[in-house]
Structure formats: C-alpha cells, structure tokens
Amino acid sequence: MKLNKLSKIEFSIFLIIFIFFIFPKELFCENWLKMDIPTEERVWVDTSHWENKEIWIADGYYKEVSEKEWVDTSLTVDQGYWKTEEYRVWITSSVKIPETENRWVSTSHWESRYRYVETWIPVNLVIYVGTDSYGWSVYSFAAKPTNSVTLIYNGNRYRAKKWVIDYRPSYGGRISATKYLCYEKEVQVKEYYDVWISSGYWQSYTTYKSVDTSHWETGTRRVWVDTSYIIPSGYWHYSTKKKWVDTSHYEFRPIWITDGFHTEPFHGEVTVEKTPAYIFTKWHKNQNDEECSMELNVSWKIDNNDLPEGEEEKEIVRIDIYQNINRFNNKGIEKVTVFNGNVPSSAEGSINTVTKFNYSGSEESILHIYLYTRGGESAHIYFNNPINGFRSINLMPEGSSSNANTWLGGNSYGKIKF
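Fair warning: this is a prediction, and the values are worked out from it, not measured in the lab. (Residues numbered from 1 in each chain as written. Predicted model: local features only at pLDDT ≥ 70, side-chain atom pairs only at ≥ 80, totals over all residues. Heavy atoms only, no water.)

A. Region of interest: the overall build of the protein. When you go through the protein residue by residue, the secondary structure sums to three helices and 27 strands. When burial is assessed residue by residue, the protein has 29% of its 418 residues classed as buried. Counting only carbon and sulfur atoms, one obtains 50% of the accessible surface of the protein, whose full area is about 28,500 Å². (Helix = DSSP H or I, 4+ residues; strand = E, 2+ residues; numbered from the N terminus. Buried < 20%, exposed > 50% of the residue type's maximum accessible area, 1.4 Å probe, protein only. Areas by Shrake-Rupley, 256 points an atom, 1.4 Å probe, with all protein chains shown as cover.)

Now the structure itself:
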C-alpha cells in the first residue's frame, strides 16, 4: 500500500521521537554557542526582542442588505375658517395708599456737670508758736519731734509734723516753743462728671402701603379654526443598501522592542550543558512517561589573572536566563523565564535549572544567558534552541532540505571562552 504525503510526515515524526527516546546521545556537535564578544571598551549589549502586544485592529466590510420601506403618498386637504372668541387675561397691578403713623424720636444725651470735693495738696509752710524762727534756731538743739497733727491756721486746715522745745536753762527759767512743718493743705477743687439724660418725643409721619389690585379681564380675538384632514395612502417598497459591518477587534501581534545596555569587559569561560539535546513541549512524554522538560546547567570560570594591581577580583553575583520562543503561524514571541536572580558570589561556579515549555517554536527561538558581576560588568551567551511539538517538527509535507539538527536543535554540550 502506497503511503500518501501526510502519512510520510507522521512516520518521520514517529521516527525522530523514537530515535530521541531510545538513543539520547549528542547528535549535533557544531559550534552552536554564541556571545557578544567583550572588548576593552564599554560595549552595548543589544537585548532588543519581539513581544506580543495587544493592539486595536480597525476593520470591517460593507454588505448589501434588503430593506422594506413604506412610501407615504397620503394627501392633506387644507381647509378652515375664522371665528371670534373671548379670552381671559390676568392683569397684574397695585396702588399706593397713604397712612399716618407715630414714631418715638429719642433726644437722650450725655450732659457734663461738676461738683466741689475736698482734697489735700502738697505745701511747704512753717508755723512757730511761742517764738520766731530766730529764737527757734537758738534753742533748736533742744527740739524734739512728736506725732503728726492736723491744725487750722488762718482758716485753713493743714497736716504737719510737730516739733516741741521744752528746755530749762541752768541759770533758771523755762524755754517753751512749738514748730509745725506743714506738708499738706486741705482745699476744694472742681470735679467733672457725665450724666445720661433720658428724653424724647412722639412724631407723626406719613407712610405708603402697596395694595394689590390685580384682576382678570375679558377680551376678544379672531382665531383660525383648522379643519384640514389627511387622506391616507401609500405602498411598501423594497430597496438594497450597503451596510457597514464593524469587525474591529483587539489582536496580539509581535512588536519589536528596542532595548539593551552598556557593559564593561571581563574575561572567562562559560560551559553550557543541555539535557536532552532535543527539547519538546511539556505535552510530550519522555521515556519515564513524564512531561518533557529541559535541564540546563551553566558553569562559569572568571579569568582574574591580568587584573590591574589593586583592582578587586571579578565575581558573578546575578544570572538572568530566558527563552524567546518564536511561535509558528506568526503567533509572535513567547518569553519564558528560566532563571532570574542572585547567586552566591563566586569567580567559579555553576547553576542547574529545569524548565517546561507550553508552546513549540522554530529554529529562530533563542535562549539567552546573562552573567553579571558585582561591579556591573556582564557577559551575554545565547544559542538557537527550537522547541519541538507534534505540529512543528516539519512545516511542509515535502519535508525540509536543511539539516534536521538545525530545526530540531540537537545540541547538548558547548564551551565558549571570551
């Protein structure tokens, strides 16, 4: 029985899967690892890539539709007559009526008045009793003070300090005199004060009040009485029109993202081990009847031999590994993160990862490995890593003229120095 083209394809798929599971050896040994070669200057590492973006697609088309329309041929007979009619209208009006009212006019006010009050004012007056100023000065050695007193002198009252001489000379006799040192005098002065006088009177005045005189009035007017009428008629008419059908929608499309960064050079060696050599989506089963996956081991060894004196040795502190899957049938780029994080700082070390893939991808699918040092330097290693699926192993019924290892990705071990 002759196999058709589709059967040949299915047989080829089965054969490749069979070989992969039964003989899982390295089948593709050419130099498949690539990298951005560092120089002694700062270099630009291009990380531009395709990303699936949801964009609005304005689309649509015209289609012919048949519509049923009513064509109105009705006739209107215009007729009527004039008639006189009465109407009522509201007249808004008012009048002002005078009224006499009384109001209190206040004349209350403050008045200034005065009165005489007695008060003491300072004075400097000396009054001698029983002697004069000379006689007092002769016997002043015998003068003694007493209490302050109030006295009347020439009809005025004074406050004074009283001194007394009561002296008996040795030759006999008695000297007696009094002196008043007046320091205040009682006088009468005017004292002014204000008094509130309550007063006023009633005053008559004229005010006006508004009285509403609004009212209804009756008038006449001529109006047209319309007695027109319509004679209905018409028919249905079918017509063909173009109608716009809007099919605008959101659609995921691959968009080129321009990206990258500058990095300082450093030197070393990177080894990549991939198991198995041929990567399938997780929807396939391996020889242990488990979902297919990719085990990736990345080892590095930094060359610190030619560092300038005093410069700190370079060590890897962070790694970023991801796969850009170039999906079939123009479905764009699917980014899958393999590892992205910090690692123990070391000049020589390795990392092992296991990743499963949901979608298949062509030989343009690329796996990127970025190594970062503590000082900000980086190295970028990458390789083509197709993801195989039942519908992606062979794109054409007649097969492919290229090496199968190219579009199946049969690589398992590689080493690159830089």
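Picking up after the structure, the text goes on.
B. Region of interest: unusual backbone geometry. Backbone torsion omega between Thr275 and Pro276 reads -5 degrees, so that peptide bond is classified as cis. Along the polypeptide, Pro276 turns up in the loop between strand S18 (268-275) and strand S19 (279-280). With phi around 55 degrees, Asn154 is a residue other than glycine that occupies positive phi space. With respect to the element layout, Asn154 can be found in the loop between strand S9 (143-153) and strand S10 (156-167). Residue classification places Asn154 among the exposed residues on the basis of a relative accessible area of 65%. If you check the backbone angles, Asn329 has positive phi at about 60 degrees while not being a glycine.

C. Highlighting the sheet that holds strand S27 (residues 413-417). Pairing is antiparallel in the open sheet, where four strands are placed in the order S23-S20-S18-S27. With one partner strand each, in any of the chains shown, strand S23 (348-355) and S27 form the two edges of the open sheet. Direction aside, the axes of adjacent strands within the sheet are offset by 15 degrees on average. Strand direction decides the pairing type here: strand S20 (residues 294-302) and S23, joined by eight bridges, are antiparallel. Across the sheet, Met294 pairs through a bridge with Thr355, a residue of S23. (Pairing = 2+ DSSP bridges. Axes fitted to C-alpha atoms, helices over the stretch in contact; angles between N-to-C directions.)

D. Looking closely at the pattern of salt bridges. For the coordinates displayed, the defined rule picks out 16 salt bridges. With its nearest N and O atoms 3.4 Å apart, the salt bridge here joins Lys209 to Glu99. Residue Lys209 is located in strand S12 (residues 200-212), and its partner Glu99 is located in strand S7 (residues 94-106); the two are separated by 110 residues in the primary sequence. With relative accessibility at 43%, the residue Lys209 sits in the partly exposed group. On the basis of relative accessible area, Glu99 is assigned to the partly exposed category, the value being 31%. Lys314 serves as the salt-bridge partner of Glu377, at 3.0 Å between the closest nitrogen and oxygen. Separated by 63 residues along the polypeptide, Glu377 in the loop between strand S24 (366-373) and strand S25 (378-384) and Lys314 in the loop between S20 and strand S21 (316-326) bring together distant segments of the chain. (Salt bridge = Lys/Arg side-chain N within 4 Å of Asp/Glu carboxyl O.)

E. How the structure looks around the confidence of the model for the protein. Within the protein, residue pLDDT values average 83, and 84% of them lie at 70 or more. For the protein, per-element mean pLDDT is lowest for helix H1 (residues 5-22), which scores 41, and highest for S23, which scores 96. Segment residues 1-30 is flagged for pLDDT under 50; beyond a separation of four residues in sequence, or across chains, it makes 26 contacts in the model. (pLDDT = per-residue confidence, 0-100. Contact = heavy atoms within 4.5 Å.)

F. Quick look at the sheet that holds strand S22 (residues 333-346). Sheet architecture is open: five strands sit in the order S1-S25-S24-S21-S22, paired in antiparallel fashion. Here the strands that pair on one side only, and so sit at the sheet edges, are strand S1 (34-35) and S22. Here S21 pairs with S22 via ten bridges, running antiparallel. Following the sheet pairing, Asn326 is matched in S22 by Ile333.

G. The arrangement of the nonpolar core in detail. Ranked by size, the top nonpolar core spans 30 residues in total, and within it Val270, Ile369 and Ile381 carry the most contacts. When residues of this core are traced back to their parent elements, those giving at least two are S18, S20, S21, S22, S24 and S25. Element by element, the count of residues in this core is highest for S20, at five residues. Not counting residues up to four positions away in its chain, the partners in contact with Ile369 are Val272, Val298, Asp320, Ile321, Ala379, His380, Ile381 and Phe383. Core analysis: the next-biggest nonpolar cluster, separate from the first, contains six residues, Ile127, Leu151, Tyr158 and Cys182 among them. (Core = buried A, V, L, I, M, F, W, Y, C linked by side-chain atoms within 4.5 Å.)

H. Representation of the packing of aromatic side chains within the structure. Applying the stated rule across the entire model yields 17 aromatic pairs. Measuring from centroid to centroid gives 4.7 Å for Trp32 and Phe383, while their planes differ by 90 degrees, and the two rings are edge-to-face. With Trp32 in the loop between H1 and S1 and Phe383 in strand S25, this pair connects stretches of sequence that are 351 residues apart. Pair check on accessibility: Trp32 and Phe383 agree, each one buried. Following the ring pairs from residue to residue traces out a cluster consisting of Tyr114, Tyr116 and Tyr192. Lying over the aromatic face of Tyr193, Arg115 brings its terminal NZ or CZ to 4.3 Å of the ring centre. The ring of Tyr114 carries the charged tip of Lys190 above its face, separated from the ring centre by 4.3 Å. (Phe/Tyr/Trp six-rings, centres within 6.5 Å; stacked < 30°, edge-to-face > 60°. Lys NZ or Arg CZ within 6 Å of the ring centre and 35° of its normal.)

I. Region of interest: the environment of Gly268. For Gly268, the position within the fold is in strand S18. In this structure Gly268 comes out as buried when scored by relative accessible area, which is 9%. With 149 residues separating them in the primary sequence, Gly268 and Lys417 have C-alpha atoms 5.9 Å apart. With sequence-adjacent residues up to four places away left out, Gly268 is seen in contact with Lys301, Ile302, Asp303, Ile416, Lys417 and Phe418.

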